[in-house]
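Commentary on secondary and tertiary structure
As a plain string of letters, each chain reads:
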Amino acid sequence: MKTTYWPDEYVTKKRTAEEAVAMLASGRRVFIGSSCGEPRRLAEALVASARHFSDIEIVRLMSLENSPITRLAGDDRVENISIRNIYQGSAGAAHLAPNKPFITPMNLSAVPGLFSKNHLHLDAALIQTSPPDDFGWMSLGISVDVGLAAVRAADLVIAQVNSAMPRILGHGFIHVDDVDVIVEHEEDLFTIEQLPELESANAIARLVADMIEDGSTFQLGLGATPKAILLALSQKNDLGVHTQFMINDIMKLMSMGVITNRYKGVNDGKAVASNAAGSSDLYDFLHDNPSIEFYPSDYVNNPRIIASHKCMVSVNMVMEMDLTGQAAVDALPGNFFAGVSSIPEFVRGAAASPGGKSILLIPSTSTDGRVSRIVPFLDSGAVVVPRGEVSYVVSEFGAVNLFGKNLQERAVAMISLAHPDFREKLLAAARQQGIISRARRLTDSLRGVYPAHLEELRTINNEKIQIRPAKPVDDRRIQEHFYALDKKDVIARFFHEKTCFVRKDMEAMFETDYIKDLTLLAVTGEFGFGTVIGIGAYMLEDESGIAEVAFSVARPWQGKGLSSILIKKLANAADANGIKGLVAYIDPINQGMIHLFHRLPYVVHRKRNEDFLELTCYFNEPKNP
């Protein structure tokens, strides 16, 4: 029966870092806490004595570039220590080369079981903790992830006790009794600065924000756009957080009251994570904060747990995608973490959540603009997210939903997200691969830049309607709109009976450059699977400098103001694009269209022809107030 008091044991277990490391033996396997919670003093002592050991294997998650162990991995002179990096990303980046032979691809949720089931026996674990509380409990602080399982599985546990480590609530505590050696050493924790935002970040962030509804729970992967995305979320309400990494901008949204965790459905009222990476202010914010709990990775990254949240949205940056939707992900320089290992799990979990979605972000080019990040195909070894699990994809040139799409639809969608400078080559590659038929043409859209600022969400009769520019992927739903129109509405739109709406005849509506030609759609239903209920388009008549407009609205939605919304947006866009005015050719009995045109704030000129009425307005002729 145990009779000693924990403070007495704490004192007897104290050692220097050098004394503690000397307790390790050659031929053993040693776990070292990773990311910003790496026990740096212990790691430095181990590195300093590396030449005194032989065949020690270090196990850790991929960590910071400037950590002692990362530097050791790149030192060719040290051959008596190997490093097993648990990392599920592609290993094509140059800065990963020293680690490539030792990369162990695993989903993060499976790593605790790797230790606890003794599949990978741990002889020792080197961790960092907060000082013990009055009851002898020490917090693993900002690096809970797989550390708790390592402590429970290791034969020898050495803890660096650091007063700078925050005490974070949740399931990341160990007792002094669980530790064999204590090394007291106070030092600043690793911090990471905000990565510089890409030029594309704001455009991507705006599109992503439109996809995240009030009350959603979200996960945000580490990458180059979180600052812009979180700024875009600043107008949302009652968001929740279930993520691998807590970062500075999540702290800001919590402080602003945007994140309340009120409607998560799991751990309501609590922001849940397993790691933190940011500034010292973030670590202060986490300390004893009752609204934040850290859990191990077999909970946080478990797809079943992720899926149990209401409206779970995962948002992750990928580095490259091919035309079929496969995604490659790398750890970034300055951001050298195992966050990549969590992406497949959050993708699967979010997709299975009620009302949830998985969003992949991809800047269209490298930072210097010379290389397209959307490529004809990926090497199989680079794939982190397989094509069958990819749904929403966002670049600065738009957003698409690949779920349920065939290879041709996927290729057309991915080409629309690419930078215009690379689209023709991608189209040629897709045809060469046989995933786009020769009959499927991409014309004006190859140079068009999707005008996301024209997107608008309206509510009519308690139903949400998205007003947005047409995309090349809208070809089929535009055809379906016309096939579903009432016979009289078809005649009013085309001036004759028409029963066949083949893609070639409709091409001008979805193959636009968004400047000379623009089509706006009114769409109901889920993004990527919506139904077109209204279409408004203008097409520039080159000689006159004015654009012809035409409209069609499904019969159940007529008389509800849709055409008025569309024509006003078309007029504003045409004016901004340097077009002189609009013209409409109307059946004289079509009083609705005549009244619609007269609602524009410009003088309307009427001209009667034999079979139709011609209405024209010029943007430099406003009506008198």
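Residues numbered from 1 in each chain as written. Predicted model: local features only at pLDDT ≥ 70, side-chain atom pairs only at ≥ 80, totals over all residues. Heavy atoms only, no water.

**Here's the deal with the overall build of the protein chain**
- In terms of regular secondary structure, the protein chain is built from 20 helices and 31 strands.
- Per-residue burial over the protein chain gives 60% buried out of 625 residues.
- The long-range share in the protein chain, meaning contacts at least 24 apart out of those at least 6 apart in sequence, stands at 70%.
- Side chains of the protein chain carry 63 positive and 75 negative charges; the gap between the two charge centres is 6 Å. (Helix = DSSP H or I, 4+ residues; strand = E, 2+ residues; numbered from the N terminus. Buried < 20%, exposed > 50% of the residue type's maximum accessible area, 1.4 Å probe, protein only. Contact = heavy atoms within 4.5 Å. Lys, Arg positive; Asp, Glu negative; His and termini not counted. Charge placed at Lys NZ, Arg CZ, Asp CG, Glu CD.)

**Focus: the side chain of Glu345**
- Tracing the sequence through the fold places Glu345 in helix α13 (residues 343-352).
- Summary of buried charges: Glu345 has no salt-bridge partner, and the nearest side chain of opposite charge, Arg348, is 6.3 Å away.
- Separated by 3.5 Å, the side chains of Glu345 and Asn301 make a polar contact.
- In this structure, Glu345 is in contact with Asn107, Leu108, Ser109, Ala110, Asn301, Pro303 and Ile306, ignoring residues within four places of it in sequence. (Salt bridge = Lys/Arg side-chain N within 4 Å of Asp/Glu carboxyl O. Polar contact = N/O pair within 3.5 Å; in protein donor to acceptor, adjacent residues only side chain to side chain.)

**With respect to the nonpolar core**
- Phe115, Met246, Leu286 and Leu582 are the most contacted members of the largest nonpolar core, which has 123 residues in total.
- The element contributing the most residues to this core is helix α19 (residues 562-576), with eight residues.
- With residues up to four places along the chain from it excluded, the contact list for Leu286 reads Ile142, Arg167, Ile168, Met246, Ala276, Ile292 and Phe294.
- Residues Val318, Val384, Ala411 and Ile435 belong to the second largest nonpolar core, which totals 30 residues. (Core = buried A, V, L, I, M, F, W, Y, C linked by side-chain atoms within 4.5 Å.)

**A closer look at the packing of aromatic side chains**
- Following the criterion strictly, the structure yields ten aromatic pairs and no others.
- Put simply, the rings of Phe482, Tyr483 and Phe501 touch in pairs and so form one group of aromatic residues.
- The ring of Tyr392 has Lys357 lying over it, and the distance from NZ or CZ to the ring centre is 5.9 Å. (Phe/Tyr/Trp six-rings, centres within 6.5 Å; stacked < 30°, edge-to-face > 60°. Lys NZ or Arg CZ within 6 Å of the ring centre and 35° of its normal.)

**Overview of the environment of Val146**
- Within the secondary structure layout, Val146 lies in the loop between β6 (137-139) and α6 (147-153).
- Residue classification places Val146 among the buried residues on the basis of a relative accessible area of 1%.
- Along the sequence, Val146 and Leu61 sit 85 residues apart, while their C-alpha atoms lie 8.5 Å from each other.
- If sequence neighbours within four positions are ignored, Val146 has contacts with Phe31, Leu61, Leu108, Val111, Pro112, Phe115 and Ser297.

**Here we look at the side chain of Thr129**
- Looking at the element boundaries, Thr129 is found in strand β5 (residues 124-129).
- The contact partners of Thr129, leaving out residues within four places of it in the chain, are Met138, Ser139, Leu140, Ala159, Gln160, Val161, Asn162, Met165 and Ile174.

**Details of the pairing of strand β19 (residues 357-361)**
- Counting buried positions along β19 yields five of five residues, so the element is predominantly enclosed.
- Neither face of β19 is open: one carries Lys357, Ile359 and Leu361, the other Ser358 and Leu360, and all of them are buried.
- Across five bridges, strand β16 (residues 312-317) lies against β19 in parallel orientation. Directly across from Val313, in β19, lies its bridge partner Lys357.
- As judged from the three bridges shared by β19 and strand β22 (residues 392-395), these two strands associate in the parallel manner. Note on β22: the bridge partner recorded for Ile359 is Tyr392. (Pairing = 2+ DSSP bridges.)

**Quick word on the pattern of salt bridges**
- One pass over the structure, following the stated rule, counts 21 salt bridges.
- Note that Glu57 is salt-bridged to Arg84, the shortest N-O span being 3.1 Å. Taken as a pair, Glu57 in strand β2 (residues 56-61) and Arg84 in strand β3 (residues 81-86) lie far apart in primary sequence, 27 residues in all.
- Exposure remark for Arg84: the relative accessible area of 24% places this residue in the partly exposed category.
- The partner of Lys498 in a salt bridge is Asp505, with the nearest N and O atoms 3.8 Å apart.
- Taking relative accessible area as the criterion, Asp505 reaches 47% and is therefore assigned partly exposed.
- Salt bridges linked by common partners bring Arg29, Glu57 and Arg84 together as one network.

**Details of the confidence of the model for the protein chain**
- Per-residue pLDDT for the protein chain averages 88, and the proportion of residues at 70 or more is 91%.
- Highest mean pLDDT in the protein chain belongs to strand β15 (residues 292-294) (98); lowest belongs to helix α4 (residues 68-73) (65).
- For residues 333-339, every residue scores under 50 in pLDDT, and the model assigns this stretch 34 contacts once sequence neighbours within four places are set aside. (pLDDT = per-residue confidence, 0-100.)

**Describing the sheet that holds strand β24 (residues 456-460)**
- Taken together, the eight strands give an open sheet; going across it, the order is β24-β25-β26-β27-β28-β29-β31-β30, and neighbouring strands pair in mixed fashion. The open sheet terminates on both sides in strands that have one partner only, identified here as β24 and β30 (602-608). Between one strand and the next, the sheet's axes are offset by a mean angle of 25 degrees, whatever the strand orientation.
- Pairing of β30 with strand β31 (residues 613-622), which is carried by six bridges, proceeds in the antiparallel orientation. By the bridge assignment, His605 is partnered in β31 with Thr616. (Axes fitted to C-alpha atoms, helices over the stretch in contact; angles between N-to-C directions.)

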